[in-house]
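Secondary and tertiary structure notes
Below, each chain spelled out in residue letters.
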Amino acid sequence: MHLHTLSVLAASALLAACSSLNPVTLARLAQLDPMTADPGAIAIRLDLPDGLVVPPGGATLDIASARSDTGQSVKARLALTERAGIWALDPADAARLRSLRAQIRQWEAEAPEANSGSFSLGITGCATGDGPDPAAPVRADLSLDGGASFLPFLRGASVAQVLEMTGPDRGAVPLCTG
């Protein structure tokens with residue numbers, strides 16, 4: 001199987017240097033098979049400082065796969081929604097993702113060497129008011145059981161450190177619009 005493993009929080013304004021990522025959680029993620037993990041069970045809990053928010057549509061789960069032998073491909077970006085401080089797929093999108101994975105599994109069975117793809121979870125932040133304090137901490141926890149329990153994922157990173165690594169302008173939080 002050539003589908004890459006889950007790369008969590010791998011998008012613009014919330015990922016920090018590897019030293020801020022929890023090694024135990026990363027080890028558990030390395031064991032996760034994105035083709036069998038229940039998409040309805042993946043959830044994120046964020047602890048963001050004042051002045052930093054995730055805008056509507058700013059949290060996504062992306063899946064893509066392509067067959068080199070037939071030229072067929074599938075690609076989907078599914079928005080995570082926030083409920084009671086936890087970001088997750090709504091049930092309709094979780095069902096859509098299960099359907100896409102069934103198609104990818106079929107391709108994998110037909111031509112495993114011709115199939116490649118990716119599965120990722122992305123979070124983008126934007127500034128409100130005067131924006132966040134650059135020294136304020138950013139924390140993220142990951143759940144693989146629908147929010148029943150959480151693993152620490154991102155710790156010990158300030159807004160400035162996060163932006164240094166991933167900000168679109170290398171140090172500036174984009175202002176929220178709308």
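**Concerning the side chain of D141**
Tracing the sequence through the fold places D141 in strand β8 (residues 137–143). Assessed through its relative accessible area of 11%, D141 is described here as buried. Look past the residues within four positions of D141 in its chain and what remains in contact with it is A43, I44, R45, F150, L151, P152, F153 and R155.

**Remarks on helix α2 (residues 91–110)**
When the terminal C-alpha atoms of α2 are compared, their 29 Å separation across 20 residues agrees well with the 28 Å that a helix rising 1.5 Å per residue should span. Check the buried side of α2 and you find it contacts β3 (59–67), β4 (73–83), β5 (86–89) and β6 (115–123). Here α2 starts with a cap whose side-chain oxygen sits 3.1 Å from the backbone nitrogen of A92, and that cap is D90.

**Concerning the pairing of β3**
Burial analysis of β3 places seven of its nine residues in the buried class, the great majority of the element. Pairing of β3 with β6 involves nine bridges; the strand directions are antiparallel. When the bridges of β6 are listed, A59 appears paired with I123. As defined by bridge partners, β3 adjoins β4 across seven bridges and the pair is classed as antiparallel. Residue pairing across strands places S65 opposite V74, the latter belonging to β4.

**What to know about the packing of aromatic side chains**
This structure, assessed with the given rule, holds zero aromatic pairs. Note that R45 overlies the ring of F150, its terminal NZ or CZ placed 4.0 Å from the centroid.

**A look at the sheet that holds β5**
With antiparallel pairing, seven strands are arranged side by side in an open sheet as β6-β3-β4-β5-β1-β8-β9. Two strands close off the open sheet at either side, each with one partner strand: β6 and β9 (151–158). Between one strand axis and the next, the sheet turns by 20° as a mean value, whatever way the strands run. Alignment of β8 against β9, held across five bridges, turns out to be antiparallel. Looking at β9, one finds that L142 is bridged to L151.

**Structural notes on the pattern of salt bridges**
On inspection of all chains with the given rule, the structure shows five salt bridges. A salt bridge links D141 to R45; its shortest N-O distance comes to 3.1 Å. With a gap of 96 residues between them, D141 in strand β8 and R45 in strand β1 (residues 43–47) connect regions that are remote in the sequence. Residue class for R45 comes out partly exposed when judged on its relative accessible area of 35%. For D62, the salt bridge is made with R77, and the minimal N-O distance between the two is 2.8 Å. Highlighted residues: D62 in strand β3 and R77 in strand β4, separated in sequence by 15 residues.

**Here's the deal with the state of the cysteines**
Taken as a whole and judged by the stated rule, the model has one disulfide. Paired by a disulfide, C126 and C176 hold their sulfur atoms 1.9 Å apart. Disulfide C126-C176: torsion about the S-S bond near 90°, hence right-handed. Of this pair, C126 sits in strand β7 (residues 126–127) while C176 sits in the segment after α3 (159–166); the two residues are 50 residues apart in sequence, bridging distant segments of the chain. Among the residues examined, C126 registers a relative accessible area of 5% and is labelled buried. Take C176: its relative accessible area is 30%, and that puts it in the partly exposed class.

**A look at unusual backbone geometry**
At A84, a residue that is not glycine, the phi angle is positive and equals roughly 55°. The residue A84 is located in the loop between β4 and β5 in this model.

About the thresholds
Residues numbered from 1 in each chain as written. Predicted model: local features only at pLDDT ≥ 70, side-chain atom pairs only at ≥ 80, totals over all residues. Heavy atoms only, no water. Helix = DSSP H or I, 4+ residues; strand = E, 2+ residues; numbered from the N terminus. Buried < 20%, exposed > 50% of the residue type's maximum accessible area, 1.4 Å probe, protein only. Contact = heavy atoms within 4.5 Å. Expected span 1.5 Å × (residues − 1). Polar contact = N/O pair within 3.5 Å; in protein donor to acceptor, adjacent residues only side chain to side chain. Pairing = 2+ DSSP bridges. Phe/Tyr/Trp six-rings, centres within 6.5 Å; stacked < 30°, edge-to-face > 60°. Lys NZ or Arg CZ within 6 Å of the ring centre and 35° of its normal. Axes fitted to C-alpha atoms, helices over the stretch in contact; angles between N-to-C directions. Salt bridge = Lys/Arg side-chain N within 4 Å of Asp/Glu carboxyl O. Disulfide = S-S within 2.5 Å.

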